[in-house]
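The lines below spell out each chain.
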Amino acid sequence: MWFRRDLRLADNPALLAALADGPVLPLFVLDPALWRPAGPTRRSYLAASLRSLDASLPRGLTLLDGDPVRRVVDAARAIGAGRVHWAADYAPYGHRRDEAVAQALGEAGIEVVRTGSPYAVAPGRVRQPSGQPFRVYSPFQRAWRAHGWRAPVAAPSGGEWLRLEEDTVAVPDAPVPDGLSVPEAGEDAARRRWAAYLERLDSYAARRNDPGADATSHLSPHLRWGEVHPRTLLADLEERTSRGAAAFRRELAWREFYADVLFRHPESAREHLRPEFSRMRYDEPGERLAAWEEGRTGFPIVDAGMRQLRATGWMHNRLRMVVASFLVKDLHVTWQHGARHFMRWLADGDLASNAHGWQWTAGTGTDPAPYFRVFNPTGQGRKFDAAGRYVRRWVEELSDPTLVPDPHEPDQDTRDLVGYPAPIVDHAFERREALDRWQAAR
DNA sequence: TGTCCTTTAAA
DNA sequence: TTAAAGGAC
């Protein structure tokens, strides 16, 4: 018996059964494609998550580095495993890679048991009556709720674990670099965070779009790395009737919707879901992309979001939309460049949610915002960060209210005084340009 | 989970 | 002069 440990201990009946059967080899494939491009924040979080997982196992975690297709098959052979439990509907590296591994195992004569999902409802299960997948969020959300899900299961106890001594790598040490901070990782941290957040949940609906209020749960990294299961959250939400609880459940539904879309369209992790957008003219990324990545565009709300990302490995959801809109529609850079930057730095970066969040903003994806919905970065700042709390916190140059009375649109003298850059583009002009290019491509 | 411009109507 | 409402993109 051998188990690919993409899923953590919680809420995995197949893993519990395997434990009762014993012996089990817990394995986490540390795919270089996942690890090496990671920036310091993502890398630190993942390392801490792995260490936490390692500490929770009776005999330790096995990591494999290198080509996952070859390594997984080699590891299964090394312990003489005739059967492998495979979380095949979880695609941390993309479904193509997962399919390649599953196929290689099959060719090696090893039985593959598909099991487990980090989603309440496994991708592919919620369908229209015709059998077709949903392409629009709202009807998906209704069908998803109607479909339902089973209750979370209790944490396991007992069982026997094996450790593969050869061909393994140590759990990596990736300390958080000076000046940066990342969320605390691990299942215990996830449980504590959720318990604390339940006290504030009822105000979620009213405050979730105010980035300065920091009123969101910050559970996304825990969900991403399997440290808490959405069924656990949904079971607790079911007992509550507040608007906040309902709004939080709808956000979980977005995560499941995008997982379903990626499952149905594996290529959409990197390509436009709507192929007609291949006719759109985009600019080659250059200095403007670098300015966006480093938070020096001269648009305070954009720079605040980009700096929060690099400092903490996390960005408020409202800001993810604002900075994405800015990159695609003000700088005319394809969403793939932005998605790649997010995946390098986000501790919670998830292939499905990231790619389709970007495609939504870019207008190339499922249930897209019409392309003419262009965020005005200054207007978004004034509307959602009215007091300027968020901008002042993350853009140090603008932090002093006596020097900078209007942090969302400081005048040129103020910018010179505090050393904050002038806007790299004229938003009104670039908005027009984006709409013109869209018209030309239609 | 958009923005902008025009129209209309209350002042 | 301002704000609300509505249509276009």
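Residues numbered from 1 in each chain as written. Chains lettered and ligands numbered in written order. Predicted model: local features only at pLDDT ≥ 70, side-chain atom pairs only at ≥ 80, totals over all residues. Heavy atoms only, no water.

Visitor: How would you sum up the overall build of chain A? Please name residues and give values.
Guide: In terms of helices and strands, chain A carries 20 helices and five strands. When the 442 residues of chain A are sorted by exposure, 56% land in the buried category. In chain A, the proportion of contacts linking residues at least 24 apart, taken out of those at least 6 apart, comes to 76%. (Helix = DSSP H or I, 4+ residues; strand = E, 2+ residues; numbered from the N terminus. Buried < 20%, exposed > 50% of the residue type's maximum accessible area, 1.4 Å probe, protein only. Contact = heavy atoms within 4.5 Å.)

Visitor: So what's going on with helix H14 (residues 317-330)? Residues and values would help.
Guide: Counted at 1.5 Å a residue, the expected span for H14 with its 14 residues is 20 Å, and the 19 Å between its end C-alpha atoms agrees. Extensive coverage of H14 is indicated by the burial of 13 of its 14 residues. Of the residues one or two after H14, His332 is the one with positive phi, at around 55°. (Expected span 1.5 Å × (residues − 1).)

Visitor: Let's hear about the side chain of Asp385: which residues, and what values?
Guide: In this structure, Asp385 sits in the loop between helix H17 (377-384) and helix H18 (389-394). An unpaired buried charge is present at Asp385: no salt bridge exists, and Arg389, the closest side chain of opposite charge, is 5.8 Å distant. Here Tyr390 takes part through its backbone nitrogen, which lies 3.0 Å from a polar atom of the side chain of Asp385. With near-sequence residues (within four places) excluded, Asp385 lies in contact with Pro211, Gly212, Ile301, Gln380, Tyr390, Val391 and His408. (Lys, Arg positive; Asp, Glu negative; His and termini not counted. Salt bridge = Lys/Arg side-chain N within 4 Å of Asp/Glu carboxyl O. Polar contact = N/O pair within 3.5 Å; in protein donor to acceptor, adjacent residues only side chain to side chain.)

Visitor: Tell me about the side chain of Thr378, residues and numbers included.
Guide: Looking at the element boundaries, Thr378 is found in helix H17. Residue Thr378 is classed as buried on the basis of its relative accessible area, which comes to 16%. Beyond its immediate sequence surroundings of up to four residues, Thr378 is in contact with Phe299, His408 and Glu409.

Visitor: Help me get a handle on the packing of helix H12 (residues 287-294) against H14, residues and values and all.
Guide: Where H12 meets H14, the closest approach of the two axes is 11 Å, and the angle between their N-to-C directions is 170°. The pairing of H12 with H14 is recorded here as roughly antiparallel in orientation. Contacts from Arg288, Leu289 and Trp292 of H12 reach H14 at Val323, Phe326, Leu327 and Asp330. Considering only residue class, the contact of H12 with H14 consists of five nonpolar, no polar and two charged. (Axes fitted to C-alpha atoms, helices over the stretch in contact; angles between N-to-C directions. Parallel < 35°, antiparallel > 145°, perpendicular 65-115°, else oblique. Nonpolar A, V, L, I, M, F, W, Y, C, P; charged D, E, K, R; others polar.)

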